[in-house]
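Structural overview
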Amino acid sequence: MNDTEQLLAAVEKTAHTTPRWEKYPLPAALSTQDIAQAEATLGFALPPLLTALHTRIANGGFGPAYGLLPLTGGPAPGGEHSVVDQYLAHRRSVSEEGQWPWPEGVLPICSLGCGMYSCVDCRTERTTVLLFEPNADEPQHAWYIDQPDLATWLRTWLDGAGWYGEDADDEAMDHLQPWPDYNTRI
């Protein structure tokens, strides 16, 4: 079993054994046809690991904080719209006065509360995971590199070592570096 398969097995085990509210069972996994439709709507391919999470485990509902958002369909138990719907809405808001431009190819995959999201940069081979923190003074100051790639982000969650974890202190976000590519991606 390779590293990716081991990671997916650990995520699946955790997803299926983590206590959840009865009225919010783990959603069914998506089909490859659902993924193809999502990619056609988005206009770009999804990273293989993100695809595997949604086709092999569930269409969201597991992971850190409020859990991964559903890729399609929705809404999530917290009322959040799907990844595809949110991405398209954020990209449309570029033309609306007073709205910050949303970077091209950056999918909000996990709600962290208070308007913050973990996002995957689908335009990089590494699938950098970014933090969107909307309480900044300027849009370019709202984006941080959370983890170098999606696999590391998932391992951090599984290990309970993320800055967003229950045991994290108030300065846990201080180690995050600003995302330097924001201005080139809007």
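The structure under discussion appears in the preceding block.
Residues numbered from 1 in each chain as written. Predicted model: local features only at pLDDT ≥ 70, side-chain atom pairs only at ≥ 80, totals over all residues. Heavy atoms only, no water.

1. Quick word on the sheet that holds strand S5 (residues 177-178)
- Pairing is antiparallel across the open sheet formed by five strands, whose spatial order is S1-S2-S3-S4-S5. Edge strands, defined here as strands with exactly one partner in the open sheet, are strand S1 (106-113) and S5.
- Bridge analysis of strand S2 (residues 116-121) against strand S3 (residues 129-132) gives four bridges, and the strand direction is antiparallel. Across the sheet, Tyr117 pairs through a bridge with Phe132, a residue of S3.
- Of the strands in this sheet, S1 and S2 touch helix H4 (residues 83-92), which is tilted by about 105° from S1.
- Against the sheet, helix H5 (residues 150-158) touches S1, S2, S3 and strand S4 (143-147), its axis set at about 70° to S4. (Pairing = 2+ DSSP bridges. Helix = DSSP H or I, 4+ residues; strand = E, 2+ residues; numbered from the N terminus. Contact = heavy atoms within 4.5 Å. Axes fitted to C-alpha atoms, helices over the stretch in contact; angles between N-to-C directions.)

2. What about the pattern of salt bridges?
- Within the structure shown, the criterion is met by four salt bridges.
- Of the charged contacts in the structure, one is a salt bridge between Asp121 and Arg185, with a shortest N-O distance of 2.6 Å. Taken together, the residues Asp121 in strand S2 and Arg185 in helix H6 (residues 182-185) connect sequence positions 64 residues apart. Accessibility classification places Asp121 together with Arg185 in one group, the buried group.
- Here Arg126 makes a salt bridge to Asp149, at a shortest N to O gap of 3.4 Å. One end of the pair, Arg126, is in the loop between S2 and S3; the other, Asp149, is in the loop between S4 and H5, with 23 residues separating them in the sequence.
- Residue Asp149 is classed as buried on the basis of its relative accessible area, which comes to 16%. (Salt bridge = Lys/Arg side-chain N within 4 Å of Asp/Glu carboxyl O. Buried < 20%, exposed > 50% of the residue type's maximum accessible area, 1.4 Å probe, protein only.)

Everything listed here is a matter of coordinates, which is why it stays silent on function.
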